[in-house]
Amino acid sequence: IELKDLKKGTVIFSYLGTFVKSYEVDLIIEAAKILEKDKDFKGYFILAGEGELWLSLKQKAKHLKNVIVLGWLDKKKSSYLMNITDVSLIPNKTTALPNKVFEALFFGNPMIFCMKGEAKTVLEKYKAGIYYEKGNIDSFIDGVKIITQNNTIETMKKNSRDLYDTHFKSQKIYSEYCEYIEKIH
């Protein structure tokens, strides 16, 4: 399946990053395997990037019709993927706030994530993502099902865009930084 051939009316979940042990990309594949049997689920999981686990993940997903594993994408293809994505997947096992959060917000994509700390606080406060318990496939699948109900994705897309525009847009950050510098001098 090519990205341009994805069926209309399906939800596109994507992970764009590195295939390493600090990300639970294998959990996404296991969840996709379960969801493939669910006749009510209409979605695709797009996994793009490179890293030490790429080949083994590609092998695990090779028979799944709802998973596409891509290699490294250049900037143009990455932007295309983010533009067609409905929900960004951020299965980061650490508590760090990865740049993938800001990238998803920039594109107005709500997230399914397992990070705790500041990321969880902000994303839940602004209703821009759904938290799942790290390592818990049932929690991840629940997040997928919740976000695909009713108009949840559209509402969360708006919330993600608003969060980016009001707190993370470079013009806003630069302006506030200049004001701060002027105050301390």
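Quick note: structure is the one above.
Now for a description of the structure that goes with this document. (Residues numbered from 1 in each chain as written. Predicted model: local features only at pLDDT ≥ 70, side-chain atom pairs only at ≥ 80, totals over all residues. Heavy atoms only, no water.)

1. Details of unusual backbone geometry
Positive phi is not limited to glycine here, since Lys-127 has a value of about 50°. Turning to its location among the elements, Lys-127 is positioned in the loop between α5 (118-125) and β6 (129-131). (Helix = DSSP H or I, 4+ residues; strand = E, 2+ residues; numbered from the N terminus.)

2. Here we look at the side chain of Asn-109
One can find Asn-109 in the loop between α4 (99-106) and β5 (111-113). Separated by 3.2 Å, the side chain of Asn-109 and the backbone oxygen of Met-82 make a polar contact. Not counting residues within four places of it along the chain, the set of residues in contact with Asn-109 comprises Met-82, Thr-85, Asp-86, Ser-88, Ala-104, Lys-157 and Ser-160. (Polar contact = N/O pair within 3.5 Å; in protein donor to acceptor, adjacent residues only side chain to side chain. Contact = heavy atoms within 4.5 Å.)

3. Some remarks on the pattern of salt bridges
One pass over the full model with this rule turns up 5 salt bridges. With a closest N to O distance of 3.7 Å, Lys-33 and Glu-30 form a salt bridge. With Lys-33 and Glu-30 both in helix α1 (residues 25-36) and 3 residues apart, this pair spans about one turn of that helix. The salt bridge partner of Glu-103 is Lys-100, with a shortest N-O separation of 3.7 Å. With Glu-103 and Lys-100 both in helix α4 and 3 residues apart, the pair spans about one turn of that helix. Taking relative accessible area as the criterion, Glu-103 reaches 27% and is therefore assigned partly exposed. (Salt bridge = Lys/Arg side-chain N within 4 Å of Asp/Glu carboxyl O. Buried < 20%, exposed > 50% of the residue type's maximum accessible area, 1.4 Å probe, protein only.)

4. What to know about empty space enclosed by the protein
As enumerated under the stated definition, the model contains 1 cavity of 30 Å³ or more in all. Here the largest cavity defines a volume of roughly 80 Å³. In terms of lining, the largest cavity is formed by Ser-14, Tyr-15, Leu-16, Tyr-23, Met-82, Ser-88, Leu-89, Ile-90, Pro-91, Lys-100 and Glu-103. Contributing elements (two or more residues each) for the lining of the largest cavity: β1 (11-18), β4 (87-90) and α4. (1 Å grid on protein atoms, 1.4 Å probe; cavity = no way out; pocket = protein on both sides within 12 Å on 5 of 7 lines; lining within 4 Å. Points joined across faces, edges and corners; volume = space filled by probe spheres on them.)

5. Things to note about the sheet that holds β1
Within a sheet, neighbouring strands are paired by backbone hydrogen bonds and run either parallel or antiparallel to one another. With parallel pairing, the 6 strands of this open sheet are ordered in space as β3-β2-β1-β4-β5-β6. Only two strands of the sheet have a single neighbouring strand rather than two, namely β3 (67-70) and β6. On average, each strand axis in the sheet is tilted by 20° relative to the strand beside it, whichever way the strands run. Pairing analysis gives 3 bridges linking β4 to β5, with the strands arranged parallel. Residue pairing in the sheet places Ile-90 in a bridge with Phe-113 of β5. Docked against the sheet, α1 engages β1, β2 (43-50), β3 and β4, running at close to 155° with respect to β2. Helix α2 (residues 54-61) rests against β2 and β3 of the sheet, and its axis sits at about 155° to β3. (Pairing = 2+ DSSP bridges. Axes fitted to C-alpha atoms, helices over the stretch in contact; angles between N-to-C directions.)

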